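Listed below, chain by chain, are the residues.
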Amino acid sequence: MRISADWSALVLRHSAAFLGHRADAGEGDFYDFAALHARTVYLDALLLGTLQRDHIDQLTDELSGVFDGPHLSAQVGSLERNIALFRSTYWRQHLTAHGPANELLLAFQAQYRLPERFAEILAEAADYSRLVQNQESQQISGALGVLTILGLPLGTALSILQVLGDQSTAHLLVALGLSIVATAAALTTRYGRLVISSLRGGAGPEPPT
């Protein structure tokens with residue numbers, strides 16, 4: 001990367017080299033000013049790029065282990081918080097308003113494909129988030145189904161007793177017993193099994209291969 005007519009920067013795999021295009025004239029030469037920049041703002045750009053690379057590596061590891069824990073929603077929630085923290089704190093593609101420091105940072109990011117890797121992390125995290133939302137929707141639907149199965153026989157029985165004006169305790173207990181039997185029978189049907197499976201979250205998602 002050409003910084004000026006006198007010197008250039010070469011972004012390497014684990015560092016950077018600053019190369020002069022002419023002989024150093026000694027004390028007071030422009031290279032003294034260039035060395036100051038190399039040790040301050042240009043070094044800051046490389047250090048920021050290193051921090052970004054390390055955090056993206058950590059996020060990639062978290063993505064790989066998102067199915068390891070028993071609670072997918074908790075794993076995905078933690079991953080999303082870490083992504084948001086990284087984005088707000090470290091993910092910068094401009095260190096200064098303009099100048100070679102920005103170009104150094106962009107060159108370092110390109111060396112490690114950081115923008116592409118972070119975009120892949122965002123896309124995969126969004127897929128996991130949709131998966132969690134689908135699971136939660138299934139569980140809510142299952143809970144509503146259970147309430148329907150439990151409430152319909154009982155509500156029907158109590159309504160019949162109320163219409164008949166029957167206040168007998170024995171008849172009320174019989175109605176409750178019949179409601180329990182009807183509920184148990186409903187839970188053994190295909191619909192009942194589907195409701196229970198939805199409430200439990202099904203068999204759980206298979207990790208990607």
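Bear in mind the structure is a predicted one, so any value in this text is a computation, not a measurement.

Thresholds, definitions, all that
Starting afresh in each chain, residues are numbered from 1 along the sequence in its written order. The model is predicted, so local features are restricted to residues of pLDDT at least 70 and side-chain atom pairs to those at 80 or more, both for listing and for counting; the totals for chains, interfaces and linings are taken over all residues. Working from all heavy atoms in the structure, the side-chain values ignore hydrogens and water. Helical segments are the DSSP runs of H or I of at least four residues, strand segments are the runs of E of at least two, and each set is numbered from the N terminus. A 1.4 Å probe rolled over the protein chains alone gives each residue an accessible area, and that area as a share of the maximum for its type sets the label: buried under 20%, exposed over 50%, partly exposed in between. Contact between two residues is taken to exist if any of their heavy atoms lie within 4.5 Å; hydrogens are not considered. Using a 1.4 Å probe, accessible areas were evaluated by the Shrake-Rupley method; residue-level cover was limited to the displayed protein chains. One speaks of a salt bridge when a side-chain nitrogen belonging to Lys or Arg is within 4 Å of a carboxyl oxygen belonging to Asp or Glu. Side-chain atoms within 4.5 Å link the members of a nonpolar core, which is a set of buried Ala, Val, Leu, Ile, Met, Phe, Trp, Tyr and Cys residues. Given the number of residues in a helix, its expected span is that number minus one, multiplied by 1.5 Å. Counting of polar contacts relies on pairs of N or O atoms within 3.5 Å, with two restrictions inside protein: one atom must be capable of donating a hydrogen and the other of accepting it, and residues adjacent in sequence are counted only when both atoms are side-chain atoms.

**A few points about the overall build of the protein**
Stage number 1. Counting its secondary structure elements, the protein contains 7 helices and 2 strands.
Stage number 2. N-terminal to C-terminal, the α/β element order of the protein is β-β-α-α-α-α-α-α-α.
Stage number 3. Per-residue burial over the protein gives 27% buried out of 209 residues.
Stage number 4. Long-range pairs, those at least 24 residues apart, make up 64% of the contacts in the protein with a sequence separation of at least 6.
Stage number 5. Surface exposure of the protein reaches about 13100 Å², of which carbon and sulfur atoms provide 60%.

**Overview of the pattern of salt bridges**
Stage number 1. Tallied over the entire structure, the rule returns 6 salt bridges.
Stage number 2. Linking Arg22 and Asp6 is a salt bridge whose minimum nitrogen-to-oxygen distance equals 3.3 Å. Taken together, the residues Arg22 in the loop between strand E2 (16-20) and helix H1 (30-39) and Asp6 in the segment before strand E1 (7-11) connect sequence positions 16 residues apart.
Stage number 3. By relative accessible area, Asp6 is classed as partly exposed at 22%.
Stage number 4. With a closest N to O distance of 3.1 Å, Arg22 and Asp29 form a salt bridge.
Stage number 5. The partly exposed category is assigned to Arg22, whose relative accessible area is 32%.
Stage number 6. In the salt-bridge network here, residues are joined through shared partners; they are Asp6, Arg22 and Asp29.

**As for the environment of Asp24**
Stage number 1. Topologically, Asp24 is positioned in the loop between E2 and H1.
Stage number 2. Note: C-alpha distance between Asp24 and Asp6 (18 residues apart in sequence) is 10.0 Å.
Stage number 3. Not counting the four nearest positions on each side in its chain, Asp24 is found in contact with Asp29 and Tyr31.

**Some remarks on the nonpolar core**
The tendency in soluble globular proteins is for nonpolar side chains to be buried as a group.
Stage number 1. The biggest cluster of nonpolar side chains holds 32 residues, and the ones touching the most others in it are Trp7, Ile56, Leu59, Ile83 and Phe118.
Stage number 2. Elements that contribute at least two residues to this core include exactly E1, H1, helix H2 (41-64), helix H3 (72-89), helix H4 (100-111) and helix H5 (114-164).
Stage number 3. Per-element tally for this core: the top contributor is H2, with 7 residues.
Stage number 4. Setting aside residues up to four positions removed in sequence, Ile83 forms contacts with Leu59, Phe118, Ile121, Leu122 and Ala125.

**Details of H2**
Stage number 1. End to end, H2 covers 35 Å across 24 residues, agreeing with the expected 34 Å (1.5 Å per residue, within 8%).
Stage number 2. What H2 keeps buried is the set Tyr42, Ala45, Leu46, Leu48, Gly49, Gln52, Arg53, Ile56, Leu59 and Leu63.

**With respect to the side chain of Ser129**
Stage number 1. Mapping Ser129 onto the fold places it in helix H5.
Stage number 2. Among the polar contacts listed, one links the side chain of Ser129 to the side chain of Glu80, at a separation of 3.1 Å.
Stage number 3. What Ser129 contacts, discounting residues up to four positions off in sequence, is Val76 and Glu80.

All quantities given are derived from atomic positions and should not be read as evidence of function.
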